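Residue-level structural notes
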Amino acid sequence: WFVTGRTLRPVEAIAGQATRITGSNLHQRVPVPAGGEIRHLAETVNAMLERIEDARERQLRFVSDASHELRSPVATSSAKLQVALSHPGEVDWQATGRTVLAEQERLTRLVTDLLLLARIDEAPDQGRVEVDVDDVALSAARRIDGAAIDTSAVGAARVIGDPIQLSRAIGNLLDNAARYAVDVVRIAVRTDDDEVIVTVDDDGPGIDPPDREAVFHR
């Protein structure tokens, strides 16, 4: 009885701590004894808690992203409609309709982007294959309307990745560059040891220093 009690004491400590861990304190872990099978049990429980905590953080980020991004187009549409309904005889209904329609299209794009974020969070490695980055870059450059993209520095390069997301990322960079460039937009693709480097350059005003970190926000 004495030996069994000493052996099971760490199990009781693990069980006691596990009962105290809830959704509000998922950062806590169960105690890990010095050795033996019970140590393996404690490490397994802690690894499970880490996965649960990570999943909860992803959900909270998604909710934060959704509330932040969706607030603006919804507020704009509501304000336009409220003003129009308050003064129906003084409103250009076609202009109001165009504004609200534009905000609804923006809302649709935002919902699509948010669902994309959720899918990436749940399965970040899904859909990865060998991708020719130079082909992705050249294809993205051809899709930019109203701008001549200099692709002379695009060299052969291959990575393991998601071709749809790589195309989206490069396309977004080129679209922004074309929007703010004065005359020139260049894209370059090169390899550096085991890395592939994609550079998009333009002769526009650039990003204000205070806003440069925000570029990398979700």
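Residue numbers run consecutively from 1 along every chain, following the written order of its sequence. Local features in this predicted model are restricted to residues whose pLDDT is 70 or higher, and side-chain atom pairs enter the listing and the counts only when it is 80 or higher, whereas totals over whole chains, interfaces and linings include all residues. Remark: hydrogens and water are excluded; side-chain values derive from all non-hydrogen atoms of the structure.

Overview of the overall build of the protein chain
Going along the chain from the N terminus, every DSSP run of H or I of four or more residues is numbered as a helix, and every run of E of two or more is numbered as a strand. Helices and strands together make up the secondary structure of the protein chain, namely five helices and five strands. Element order for the protein chain, N to C, with α for helix and β for strand: α-α-α-β-α-β-β-α-β-β. It is over C-alpha atoms that the radius of gyration is taken, and the globule rule equals 2.2 Å times the number of residues to the power 0.38. The C-alpha radius of gyration computed for the protein chain amounts to 26 Å, which surpasses the reference 17 Å derived for 218 residues by more than 25%, pointing to a less compact arrangement than a globule. Based on the C-alpha atoms only, the size of the protein chain along its principal axes is roughly 85 × 60 × 30 Å. The cut-offs for exposure are 20% and 50% of the maximum accessible area for each residue type, with area from a 1.4 Å probe on protein chains only; residues under the lower value are buried, those over the upper are exposed, and the others partly exposed. When burial is assessed residue by residue, the protein chain has 23% of its 218 residues classed as buried.

Here's the deal with the sheet that holds strand S2 (residues 149-154)
At least two bridges found by DSSP between two strands is the condition for calling them paired. Strand order in the open sheet formed by three strands is S2-S4-S5, and the pairing between neighbours is mixed. Among the strands making up the open sheet, the edge pair consists of S2 and strand S5 (195-202). For this sheet, the mean inter-axis angle between neighbouring strands, taken without regard to orientation, is 15°. Pairing of strand S4 (residues 185-192) with S5, which is carried by eight bridges, proceeds in the antiparallel orientation. Paired with Arg186 across the two strands is Asp201, which belongs to S5. Working rule for contacts: check all heavy atoms of both residues, and any pair within 4.5 Å makes them a contact. Here, axes are lines fitted to C-alpha atoms. For helices the fit covers the stretch in contact, and angles between N-to-C directions go from 0 to 180 degrees. Relative to the sheet, helix H4 (residues 133-142) contacts S2, S4 and S5, its axis offset from that of S2 by approximately 170°.

A few points about the side chain of Ser77
Here Ser77 lies in helix H2 (residues 37-86). Take Ser77: its relative accessible area is 6%, and that puts it in the buried class. With sequence-adjacent residues up to four places away left out, Ser77 is seen in contact with Val100, Glu103 and Gln104.

Digging into the environment of Ala18
Considering the arrangement of structural elements, one finds Ala18 in helix H1 (residues 2-20). Separated by 52 residues in sequence, Ala18 and Leu70 place their C-alpha atoms 38 Å apart.

Section: helix H5 (residues 163-180)
Over its 18 residues, H5 extends 26 Å from the first C-alpha to the last, a length consistent with the 26 Å expected when each residue adds 1.5 Å. Within the span of H5, buried status applies to Gln165, Ser167, Ile170, Gly171, Leu174 and Ala177. Each helix should span, by expectation, one fewer than its residue count multiplied by 1.5 Å.

Topic: unusual backbone geometry
One non-glycine residue, Asp193, lies in positive phi territory at about 55°. The residue Asp193 is located in the loop between S4 and S5 in this model. Exposure remark for Asp193: the relative accessible area of 77% places this residue in the exposed category.

Some words on the pattern of salt bridges
Any two side chains of opposite charge can pair, given that their charged atoms come close. Salt bridges are counted wherever a side-chain nitrogen of Lys or Arg sits within 4 Å of a carboxyl oxygen of Asp or Glu. Tallied over the entire structure, the rule returns eight salt bridges. Ionic pairing is found between Arg179 and Asp175, a salt bridge with its closest N-O pair at 2.5 Å. Within this pair, Arg179 and its partner Asp175 are both found in helix H5, separated by four residues, close to a single helical turn. Taking the relative accessible area as the measure of exposure, Arg179 reaches 52% and is therefore exposed. Judged by its relative accessible area of 33%, Asp175 falls in the partly exposed class. One salt-bridge network, held together by shared partners, links Glu130, Asp132 and Arg158.

Details of the nonpolar core
In globular proteins that are soluble, nonpolar side chains generally tend to be buried together. Core analysis: the largest hydrophobic core is formed by 16 residues, its most contacted members being Ile149, Ile170, Leu174, Ile187 and Val189. Broken down by secondary-structure element, the contributors of at least two residues to this core are H4, S2, H5 and S4. A per-element tally of this core places H4 first, with five residues. In this view, Ile187 contacts Ala137, Ile149, Asp150, Thr151, Ala153, Val154, Ile170, Leu174, Val198, Thr199 and Val200; residues no more than four positions away in its chain are not counted. For the purposes of this section, nonpolar cores are sets of buried Ala, Val, Leu, Ile, Met, Phe, Trp, Tyr and Cys residues that join through side-chain atoms within 4.5 Å.

The quantities given are spatial measurements derived from coordinates; they are silent on function.
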